[in-house]
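Here is what each chain is made of, one letter per residue.
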Amino acid sequence: MARSLGIAALLEAYRSSDLTPLDVVHDVLQRTAAYPDRAVWIHKIPDADLMARATSLMSDPLARQLPLYGIPFAIKDNIDAEGRPTTAGCAAFAAISASDSTVVSRLLAAGAILVGKTNLDQFATGLVGIRSPYGAPRCVFNADYISGGSSSGSAVAVAAGLVSFALGTDTAGSGRIPAGFNNIVGLKPTRGLISTAGVLPACRSLDCVSILALTAADAIAVLAEAQAEDPADPYSRAAQPVALPQAAFRFGILHPADREFGGDREAEALYDVAIRNLASLGGTAVTVDYTPFRAVGALLYEGPFVAERLAAIAPFLATHADAMDAAVRSIIAGASRYSAADAFNGHYRLRALARQAAVQWRAMDVLLLPTAPTILTVAAVQAEPLRLNSLLGQYTNFVNLLDYAAIAVPAGFRNDGIPLGVTLVGAAHTDLDLARLGAQLHQAAGCGAGLDRALTLAPAPDGTLDGVVLAVAGAHLSGMPLNHELTGLGATFIEATRSAPDYRLLTLQTVPPKPGLVRTPGLHAGGIALELWRLSEQAFGRFVAALPQPMGIGKVVLADGRIVSGFLCEPCVTEGATDITAYGGWRSYVAAALP
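The following paragraphs examine the structure supplied in this document. (Residues numbered from 1 in each chain as written. Predicted model: local features only at pLDDT ≥ 70, side-chain atom pairs only at ≥ 80, totals over all residues. Heavy atoms only, no water.)

1. Examining the overall build of the chain
1) Next: For the chain, the count of helices and strands is 18 helices and 21 strands.
2) Next: Over its C-alpha atoms the chain spans a radius of gyration of 24 Å, differing by no more than 12% from the 25 Å that the globule rule assigns to 595 residues.
3) Next: Its C-alpha atoms give the chain principal-axis dimensions of about 75 × 55 × 50 Å.
4) Next: By the burial criterion, 58% of the 595 residues in the chain qualify as buried.
5) Next: Sequence separation of at least 24 residues holds for 75% of the intrachain contacts in the chain that already meet a minimum separation of 6.
6) Next: Summed over its atoms, the accessible surface of the chain is roughly 22200 Å², and 55% of this surface lies on carbon and sulfur atoms.
7) Next: Each charge sign in the chain was given a centre, from 43 positive and 51 negative side chains, and these centres are 3 Å apart. (Helix = DSSP H or I, 4+ residues; strand = E, 2+ residues; numbered from the N terminus. Rg over C-alpha atoms; globule rule 2.2 N^0.38 Å. Buried < 20%, exposed > 50% of the residue type's maximum accessible area, 1.4 Å probe, protein only. Contact = heavy atoms within 4.5 Å. Areas by Shrake-Rupley, 256 points an atom, 1.4 Å probe, with all protein chains shown as cover. Lys, Arg positive; Asp, Glu negative; His and termini not counted. Charge placed at Lys NZ, Arg CZ, Asp CG, Glu CD.)

2. Some thoughts on the sheet that holds strand β13 (residues 419-427)
1) Next: Read from one edge of the open sheet, eleven strands run β1-β5-β2-β6-β8-β7-β12-β13-β11-β9-β10, paired in mixed fashion. At either end of the open sheet lies a strand with only one pairing partner, and these are β1 (41-44) and β10 (283-288). Put simply, the sheet's adjacent strands are angled 25° from each other on average, direction ignored.
2) Next: As judged from the three bridges shared by β1 and strand β5 (residues 113-118), these two strands associate in the antiparallel manner. Counterpart to W41 in the pairing with β5 is T118.
3) Next: Set on the sheet, helix α2 (residues 21-34) makes contact with β1, β2 (72-76) and β5; between it and β5 the angle comes to about 20°. (Pairing = 2+ DSSP bridges. Axes fitted to C-alpha atoms, helices over the stretch in contact; angles between N-to-C directions.)

3. Notes on the pattern of salt bridges
1) Next: With the rule as written, the count across this model stands at 19 salt bridges.
2) Next: The partner of D77 in a salt bridge is K117, with the nearest N and O atoms 2.9 Å apart. Of this pair, D77 sits in the loop between β2 and β3 (85-86) while K117 sits in strand β5, placing them 40 residues apart in sequence. Both residues of the pair, D77 and K117, belong to the buried class.
3) Next: The residue R176 makes a salt bridge to D170 at a minimum N-O spacing of 2.8 Å. Across the pair, exposure class does not vary: R176 and D170 are buried alike.
4) Next: A single network of salt bridges, built from pairs that share partners, joins R191, R237 and D403. (Salt bridge = Lys/Arg side-chain N within 4 Å of Asp/Glu carboxyl O.)

4. Examining α2
1) Next: Here α2 contains 14 residues, and its C-alpha end-to-end distance of 20 Å stays within 8% of the 20 Å for a straight helix at 1.5 Å per residue.
2) Next: Here α2 has its buried residues at P21, V24, V25, V28, R31 and T32. For α2, the buried positions fall inside an angular range of 130° around the axis, keeping them on one side. Residues of α2 that are exposed and point more than 90 degrees away from the buried face comprise Q30 and A34.
3) Next: Each element contacted by the buried residues of α2 is listed here: α1 (7-15), β1, α3 (47-59), β2 and β5. (Expected span 1.5 Å × (residues − 1). Arc of directions from axis to C-beta.)

5. Looking at the pairing of β10
1) Next: Two strands pair when backbone bridges link them, and strand β9 (residues 249-254) and β10 are joined in this way by six bridges, in the parallel orientation. Bridge assignment links I253 to a residue of β10, and that residue is T287.
2) Next: For the segment spanning β9, helix α8 (residues 265-280) and β10, crossover handedness is right-handed. (Right-handed = clockwise from strand over helix to strand, strands pointing away.)

What follows is the structure, given as structure tokens:
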């Protein structure tokens, strides 16, 4: 297999100078040119622009510290990128975007390299991946089978090794289903964690930007940079991490009477293996009543909630109906039969079902489900486009309506070499702990990631590393004047990251000037650039003992919700300090202040 484009592997190769971003761009271009499925892309960034982006990153000494430095990624073509067309899978709808969507802007600021925009079920309406005039991306393991949708091209681009990660969207399962069909991870974050400003809505109140990646660790690394409360998106919200039990937890499973696998016995067997694997990780399986979850899922397409899809593109439908895919047109146009009263009645029904679902959560901490009942051939879906699409959403449609978080992970392969996945579902804001658990479940499946079935997986993201993890924001950063105080104690670099968005950075009135990190509840900035270093407990004790006033050590919340030790300053020294939060970090401030 070719070199993995996993995020951790690329960042390590950059640090060791084994690779440069320009090397990776050349590699990505060769891979993309050689990959036979031309339906993956709707718009590719020109080669010269990609090389210019890589060269620009390499020429900036500060860029090497960015958390996604030189990481290639793709975006679903309902997400805006400045100067590039957004089609939503419909040529007649295409328009050049005047600016980047918030999420793309954040990822570019973190050092990532946008490679192109990927195919999708038109207007993000479908779970099959074949409702596009730009062609139908196929399962990377067998072109007779669908890729899943609607984030079809994004999933294939990751699974085929064309990019490190990709953005999709997920309203009814559009990020999870294609992940399951291509042996990768699909993270559907808590609603609102990633801004949808600059994303064409499917159902605006329910939409999530999803992350497709090789591993849960990679998905969380991307989420850490992508998430932030955004004034431009009224549905966005700040992360408020909720912990899940890690050593002994209860997980819900389907009652035999609730199981639906479309006759696919091997898919059911893989679900049973996942149940055993999760139990081996410390979980206790609890059979739950799936009835309320199924009923909620039915509301999304069989009730008035489908009218929200019409609200997103009503003017276009009125004038360009003939330009739309027939199946997509029939679904969205059919929403016109619902009245405002129907919509309210649908919300009343949802609230009642949510109460019933809450009863089931009393017995479980997470819910383990098949990602999809089975996988389908392209020919089968073409013959029955609506019924079979509905079949695929049985275990995904309810999640956003009930404001849950979810992560789809690979579960293994059928005897014919086709992959299937399972999904962990949790309450809102359990994203990080779901990913930790999902990483372990993925590893237990032993099926690699994407086309590389032998890929060694990155470890689960957690904050329980040996020794003490210390976040630094100023002169102790690598390459800065006081970094030797860490390295002299045997500290090892872990990663570059950012604080939660509610931190300010001040330059204190000390000699010489030092930065101060101050948490300010209600602040919605982009977070402060940090580095994490690991010290032994003995070395950490010596380091803390030597700290001069007014500096001290407290707890710092990271962008991904982890809590680590970090520098804090006494409140008295913030008087008269200069707020430099806008620089995003001490390096950027120092560079700007140099003559």
